[in-house]
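Chain by chain, the residues run as shown.
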Amino acid sequence: MAVCIAVIAKENYPLYIRSVPTQNELKFHYTVHTSLDVVEEKISAVGKSLGDQRELYLGLLYPTEDYKVYGYVTNSKVKFVIVVDSSNTSLRDNEIRSMFRKLHNSFTDVMCNPFHNPGDTIQSKAFDGIVSAMMVQTG
């Protein structure tokens, strides 16, 4: 089950963070921000080896006792982070990839909205609905 989903801007400030157990919200903010170091590390390592051809999905960033943190980076350097409960062993890598694909498609829809200013926090009901479905769907 996805317990936290975050969208981080190119400049590393949060555009959107949502977590399921709201009493642990600060903990998830910390987890997401600490994962950004690993994301930057992976981007620079892949960038050196492949040039411009890079995989958007970064895979497992790091596991903790309770959670697994996965990452994804768009071509415009916007980062998606999904925190999953470690106890959910049935969640496969391809399911995480499809979650990121759905999130990316929904994010693209938000960015295509003429009333949304790029760089502002995401306040879209449709995007919220997609995220809510992901948090319930994987549980």
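An unreviewed UniProt entry lists the chain under the name Trafficking particle complex subunit 2, from Solea senegalensis. Per UniProt, the comment on the chain under Sequence similarities (unreviewed entry) is "Belongs to the TRAPP small subunits family. Sedlin subfamily."

(A) The arrangement of the overall build of the chain in detail. Tallying secondary structure elements over the chain gives three helices and five strands in all. The C-alpha radius of gyration computed for the chain amounts to 14 Å, which stays within 12% of the reference 14 Å derived for 139 residues, consistent with globular compactness. Counting only C-alpha atoms, the chain reaches 40 × 35 × 25 Å along its principal axes. Sequence separation of at least 24 residues holds for 55% of the intrachain contacts in the chain that already meet a minimum separation of 6. Put simply, the chain shows about 7800 Å² of open surface, and 52% of that area lies on carbon and sulfur atoms. For the chain, the distance from the average position of its 14 positive side-chain charges to the average position of its 15 negative side-chain charges is 4 Å.

(B) Structural context of the environment of Met111. Structurally, Met111 is set in helix H2 (residues 93-112). Residue classification places Met111 among the partly exposed positions, given a relative accessible area of 27%.

(C) Fine view of unusual backbone geometry. The backbone of Asn12 sits at a positive phi, close to 65°, despite the residue not being glycine. Positive phi values are uncommon outside glycine, yet Lys77 reaches one of about 70°. When you line up the elements, Lys77 lands in the loop between strand E4 (67-73) and strand E5 (79-85).

(D) Region of interest: the nonpolar core. Counting 25 residues, the largest nonpolar core has Val7 and Phe127 as the members making the most contacts within it. Elements supplying a minimum of two residues to this core: strand E1 (2-8), strand E2 (14-19), E4, E5, H2 and helix H3 (125-137). For this core, the element with the highest residue contribution is H2, accounting for six residues. Other than its neighbours up to four places away in sequence, Phe127 contacts Val7, Tyr16, Leu103, Ser106, Phe107, Val110 and Ile122. Ala6, Val39, Tyr62 and Val81 belong to the second-largest nonpolar core, a separate cluster that totals 18 residues.

Rules behind the numbers
- Residues numbered from 1 in each chain as written.
- Predicted model: local features only at pLDDT ≥ 70, side-chain atom pairs only at ≥ 80, totals over all residues.
- Heavy atoms only, no water.
- UniProt positions renumbered as here; feature names shortened; annotations may be inferred.
- Helix = DSSP H or I, 4+ residues; strand = E, 2+ residues; numbered from the N terminus.
- Rg over C-alpha atoms; globule rule 2.2 N^0.38 Å.
- Contact = heavy atoms within 4.5 Å.
- Areas by Shrake-Rupley, 256 points an atom, 1.4 Å probe, with all protein chains shown as cover.
- Lys, Arg positive; Asp, Glu negative; His and termini not counted.
- Charge placed at Lys NZ, Arg CZ, Asp CG, Glu CD.
- Buried < 20%, exposed > 50% of the residue type's maximum accessible area, 1.4 Å probe, protein only.
- Core = buried A, V, L, I, M, F, W, Y, C linked by side-chain atoms within 4.5 Å.

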